[in-house]
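# Descriptive analysis of the structure
Chain residues, written in single-letter form:
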Amino acid sequence: MSYSLSINNLEISVKNLIGYKKIVSDFNLTLHPGRKLGIVGESGSGKTLSMLALTRLLPSQIEVTGGSIFFNNKNLNNMEKKEFHREFSGKKISMIFQEPMTALNPVYTIGKQLRQAFLIHNKGISKKLSEERARSMLDAVKLNRIEERMRQYPHQLSGGQRQRVLIALALINEPEILIADEPTTALDVTVQKEILELINELCLNFKMSLIFISHDLGVISKVSDEIIVMKDGKIIEEGLTKKILKSPKKDYTLGLLKCLWKLEKGNPSLYTDKKVPFIEVKNIKKEYQLPNRPFSKRKKLSAVEDVSFSVFKGDSVAIVGESGSGKTTIAKIINGLEYPDSGEILINNSPINKIDLFERARLIQPIFQDPYSTLNPNHTIGYVISRPLIIQKRFSSKEIYQNAIKMLKLVELPDTFFYRFPNQLSGGQRQRVSIARALILEPQLLICDEPTSALDVTIQDQILDLLENLKKKLSITIIIISHDISVVKYLSKRILVIKDGKIVESGFTKEVLENPQSSYTKELLSSVFRIFPPKRNFIN
Amino acid sequence: MLKFISGRFVVVIAVALTLSFITFFLLNVAIDPAQAVAGEEAEALEIEQVRQQYGFDRPILIRYFEWFKAVLTGDLGISYYWNKPVGSLLLERAPETITLALMSVLVTIFIAIPLGICAAINPNSVIDRMCLGVAVSFQAIPNFWLGLVMIIIFSVTFPIFPVSGDKTYFHFILPSIVLGASSVPPVMRLMRTGLLDVMEADYIRTARSNGFFGRKLILNHAMRNALLPVVSVLAVQLGHKFGGSVITESVFSINGLGRLALESILGADIPTVQILVFVFAFTFLILNLLADILNAYLDPRLR
């Protein structure tokens, strides 16, 4: 059972027309039995690539161009790919990935996939034995109704259940090392907590060591003894988890931590009061028709059930809930992108459906989650930003140009971006463009649907700051929708917690978070891994 | 599953009914049925007599319902041109076309799928380029020309296969290859891109990390997913073969439905054309239904 893994000076390069371009260099790591290592870094830092190099799963354009990987004095880099997969993949080193929704083969049952994964390393085992093994694995990952699960297909399971099956698949041949690449990022917070606990427990039971990759220091701190911090393809800091969280040596790590501490501290400037009702949502309900099947009753899915709330002028209200809770539907209804089945929405005391479309566009503007797909790739940034003004048809082209430049300044982007195309911009820059586009009509209300979920922490931090500044500068009303309580805490004065289309708790953010009343809010809060700033803190 | 099939079947029937009415309407508008029965050189009076006698002067809806009632009782009408019941004409000609269509689809499957897999396993390699080259040239060659060249090579220069006719299965080999060749390119390309797409999928990465590689990876994890789109296209191709084998049937003198359709249209034979259009359309719909059922069997998400 004793082994050791050591990666020395690993170098990974991407092949392009000119030659090779290094994307990871000087990557070193040693892992002993039973240790739990976390690798943290933002997207593009090379944390996933270095592990894919270890498991020989690198995409075809990317190659290992230097260094060595030793497993028990055997250099894995000199091994044939075939031999590696036969001797190591799943047997000694297993890997689980970020996307549980797509990581299982959709056309085979759970039972069959588990059995096959067992058989690939144990040829000639009887069907009965392999089935027995599959069942015991499902039991080990704490799935209920095992007989039923064996016969089910992946699409019949939830995200959390699928991730459990994937863990079972990875562990069925009892590997020595489990590599988990952001295994909980795509999951709801309450499910994330369960999965992390499961991984911790299985590491003990199976006597495995763990390499856990994540962008989220909060998650990493729960599962690792040691941390490696990566940036731009290099390790910039490593050490014991406790030490790094308390006193990081590098500015970058400190920066990462500061973003989290700041969210933890909250935002005192929020609590000023003005009581002019701006939007009133009264008893709205919305049901969706599920796809029709011949000869069966039409099924309906109730997305929003009887929700009422009001938003005051200059207010910032957060709607928090897990996926499927109906929070996005509410946003769509207020935006006028969906119509409620019943109930009404008043803006400045007039019903929203009576307001003319152009007029409504000048009152309410949305910002969406994914900055990569919300900008038309065929238009210049300038055109994207000025489009709302062009549609309104009452501005000269000079006015439109001046306004667009003004907006670019407002979101802290240089003028030269006017002539760029979206694919030349980073995720954070794109989100700034979406904000500029939303603000050019000088709306009174911004509806932000998960505005930072697709972004790295440091970028998230900048965007939150920007939104906060804009709110003060333009005295704009904001409704923010998020699954992430810390984001909400930073940006919103009041909070609505929503579950299954109903509001389960509402009130001032500070009070709700400090003293939650409903059990659901408590559960949500306990699932968030918080990192508290140290007593003598680094901020200010 | 039963619900799924019966639901789809109702749709098939509805589409087929609509189609039969549209063809009935169009045919009766495009061609004067009385003229067609009386013959091209008939006098106006004669035509008028035929019109009265056959009841062509009544409204089109009534005639459609009468025709439809007769079809339901198994009476498909009498061909003006052949002077035979349309039903027996169909029975005579259908076996040839069915044999030809099925054999040509088998040819397609046996050429296109292995080539597609080869190309996908070695993307952008010499093998891949060659497969694509072969496919493109097959697609570019007109059917009748390929047929004639095959006859010259394999029946005249090297007399292995008979020149024409439809007496034995042996007679069908050359025409099946000719007819099947035209569907090789689309099916092969779909197999290739399908498999390439699947090989990029997350679940293939999972399988790799579990220790699958090489042939086992493709057979146990990739194949079934990659075949899904191919099945639908094969069904469409088979449908085309049933209705679209006119040229091949003519080149090889096979007395199938394709030639029957051609001759009936030239002879302005409304009852036969009407039934043939309906049969072709119905076969097409049924084949698509079968493809959907097969796909639902292969892909549990569709059930």
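Everything numeric in this text was worked out from a predicted model, so none of it was measured.

## Concerning the overall build of chain A
Counting secondary structure elements, chain A contains 19 helices and 20 strands. Since a compact globule built from 540 residues should have a radius of gyration of about 24 Å, the 26 Å found for chain A is in line with a globular shape. Principal axes of the C-alpha set define a box for chain A whose edges measure 75 × 60 × 50 Å. For chain A, buried positions account for 43% of its 540 residues. Taking all contacts inside chain A whose residues are at least 6 apart in sequence as the whole, residues at least 24 apart take part in 71%.

## Description of the overall build of chain B
Looking only at helices and strands, one finds 14 helices and 0 strands in chain B. Starting at the N terminus, the α and β elements of chain B follow one another as α-α-α-α-α-α-α-α-α-α-α-α-α-α. When its C-alpha atoms are laid out on the principal axes, chain B stretches across 85 × 55 × 30 Å. Counting every position in chain B, which comprises 303 residues, the buried fraction comes to 35%. In chain B, once contacts between residues fewer than 6 apart in sequence are set aside, the share between residues at least 24 apart is 72%.

## Quick notes on the sheet that holds strand 15 (residues 350–351) of chain A
All names here are of chain A. Pairing within the open sheet is antiparallel, and its 4 strands lie in the order 12-11-14-15. The sheet terminates laterally at strand 12 (300–312) and strand 15, the two strands that pair on one side only. Pairing between strand 11 (residues 277–289) and strand 12: 9 bridges, direction antiparallel. Bridging across to strand 12, P277 finds its partner in F312.

## A few points about the interface of chain B and chain A
In this complex, chain B contributes 25 residues to the contact, which on the side of chain A involves 30 residues. When contributions to the side of chain B that touches chain A are tallied by element, the ones reaching two or more residues are helix 1 (2–30), helix 10 (202–209) and helix 11 (214–243) of chain B. Split by residue class, the side of chain B that touches chain A holds 7 nonpolar, 10 polar and 8 charged.

## Digging into the pairing of strand 14 (residues 342–347) of chain A
All names here are of chain A. When strand 11 meets strand 14, the two strands line up antiparallel, connected through 5 bridges. From the neighbouring strand, E280 faces strand 14, where its bridge partner is L346. Sheet topology places strand 14 next to strand 15; 2 bridges connect them, and they run antiparallel. Bridge assignment links I347 to a residue of strand 15, and that residue is S350. Two successive antiparallel strands, strand 14 and strand 15, enclose a turn made up of 2 residues, where N348 displays a positive phi of approximately 45°.

## Structural notes on the packing of helix 5 (residues 86–121) of chain B against helix 6 (residues 126–140) of chain B
Residue and element names in this part refer to chain B. It is the contact of helix 5 with helix 6, at a shortest axis distance of 7 Å, that shows an interaxial angle of 145°. Two packed elements cross with a definite hand, and for helix 5 against helix 6 that hand is left-handed. Residue-level inspection shows L115, C118 and A119 of helix 5 in contact with helix 6, the latter providing I127, D128, C131 and L132. Classifying every residue of the contact of helix 5 with helix 6 by side-chain character gives 6 nonpolar, no polar and 1 charged.

## Brief notes about unusual backbone geometry
Despite not being glycine, R145(A) has its phi angle at roughly 45°, a positive value. Relative to the helices and strands, R145(A) resides in the loop between helix 4 (127–140) and helix 5 (146–151). Exposure remark for R145(A): the 9 C-beta atoms within 10 Å place this residue in the exposed category. Despite not being glycine, N83(B) has its phi angle at roughly 55°, a positive value. With respect to the helices and strands, the residue N83(B) is situated in the loop between helix 4 (60–72) and helix 5. Residue N83(B) is classed as exposed on the basis of its 7 C-beta neighbours within 10 Å.

## With respect to helix 16 (residues 457–474) of chain A
Residue and element names in this part refer to chain A. With 18 residues, helix 16 should cover 26 Å at 1.5 Å per step; its first-to-last C-alpha distance of 25 Å lies within 8% of that length. V457, I459, Q460, D461, I463, L464 and L467 are the residues of helix 16 that are buried. Positive phi appears at S475, one or two residues downstream of helix 16, with a value of about 40°.

## Notes on the nonpolar core
Residue and element names in this part refer to chain A. Of all hydrophobic cores here, the largest spans 203 residues; its most connected members are A168, L210, I211 and I479. Residue contributions to this core reach at least three from each of two domains, namely domain 1 (5–261) and domain 2 (265–371 + 444–526). Residues in contact with I211, not counting those within four places in the same chain, are L31, L37, I39, M51, I177 and I179.

## Thoughts on the sheet that holds strand 17 (residues 445–449) of chain A
Residues and elements named next belong to chain A. Within the open sheet, the 6 strands sit side by side as 16-17-18-13-19-20. Their pairing is mixed. Edge positions in the sheet fall to strand 16 (364–367) and strand 20 (502–508), since each has one partner strand and no second. This sheet shows a mean twist of 15° between the axes of neighbouring strands, independent of strand direction. As judged from the 4 bridges shared by strand 16 and strand 17, these two strands associate in the parallel manner. When the bridges of strand 17 are listed, Q365 appears paired with L446. Contacts from helix 15 (residues 427–439) reach strand 16 and strand 17 within the one sheet, and its direction differs from that of strand 16 by about 170°. In the packing of helix 19 (residues 519–526) onto the sheet, contacts are made with strand 19 (494–499) and strand 20, and the angle to strand 19 comes to roughly 100°.

## A closer look at the packing of helix 3 (residues 110–121) of chain A against helix 6 (residues 159–171) of chain A
In a packed pair of helices, the relevant descriptors are the angle between the two axes and the axis-to-axis distance. Residue and element names in this part refer to chain A. Viewed as axis vectors pointing N to C, helix 3 and helix 6 meet at an angle of 20°, and their least axial separation amounts to 9 Å. By the angle between their directions, the pair helix 3 and helix 6 is classed as roughly parallel. As helix 3 runs across helix 6, the sense of the crossing is right-handed. Note on element contacts: helix 6 touches helix 3 through V165, A168 and L169, opposite I110, Q113, L114 and A117. Within the contact of helix 3 with helix 6, the residues separate by chemical class into 6 nonpolar, 1 polar and no charged.

## Notes on the domain arrangement of chain A
Residue and element names in this part refer to chain A. According to the domain assignment, chain A contains domain 1 (5–261) and domain 2 (265–371 + 444–526). For domain 1 and domain 2, the distance between their C-alpha centroids amounts to 35 Å. Tallying the contact residues gives 10 residues for domain 1 and 10 residues for domain 2. Counting residues per element, the side of domain 1 that touches domain 2 draws most heavily on helix 10 (residues 251–265), at 4 residues. Here the residues of the side of domain 1 that touches domain 2 are counted per class, giving 4 nonpolar, 4 polar and 2 charged.

## Examining the environment of R133(A)
Residue and element names in this part refer to chain A. Tracing the chain through its elements places R133 in helix 4. Owing to 19 C-beta atoms within 10 Å, R133 belongs among the partly exposed residues under this scheme. Taking the C-alpha atoms as reference points, R133 and L114, separated by 19 residues in sequence, lie 8.5 Å from one another. Beyond its immediate sequence surroundings of up to four residues, R133 is in contact with F118 and I172.

## Some thoughts on the environment of M223(B)
Residues and elements named next belong to chain B. In this fold, M223 is placed in helix 11. Assessed through the 17 C-beta atoms surrounding it within 10 Å, M223 is described here as partly exposed. Considered as a pair, M223 and V198 are 25 residues apart in the sequence and their alpha carbons are 8.4 Å apart.

## Structural notes on the environment of T416(A)
Residues and elements named next belong to chain A. Within the secondary structure layout, T416 lies in the loop between helix 14 (397–410) and helix 15. Here T416 falls in the exposed class, since 9 other C-beta atoms lie within 10 Å of it. Sequence-wise, T416 and I177 are 239 residues apart; in three dimensions their C-alpha atoms are separated by 49 Å.

Criteria and cut-off values
Residues numbered from 1 in each chain as written. Chains lettered and ligands numbered in written order. Predicted model: local features only at pLDDT ≥ 70, side-chain atom pairs only at ≥ 80, totals over all residues. Helix = DSSP H or I, 4+ residues; strand = E, 2+ residues; numbered from the N terminus. Rg over C-alpha atoms; globule rule 2.2 N^0.38 Å. Buried ≥ 20, exposed ≤ 12 C-beta atoms within 10 Å, placed from the backbone. Contact = placed C-beta atoms within 7 Å. Pairing = 2+ DSSP bridges. Nonpolar A, V, L, I, M, F, W, Y, C, P; charged D, E, K, R; others polar. Axes fitted to C-alpha atoms, helices over the stretch in contact; angles between N-to-C directions. Left-handed = near helix turned anticlockwise from the far one by under 90°. Expected span 1.5 Å × (residues − 1). Core = buried A, V, L, I, M, F, W, Y, C linked by C-beta atoms within 7 Å. Domains from an automatic or database assignment. Parallel < 35°, antiparallel > 145°, perpendicular 65-115°, else oblique.

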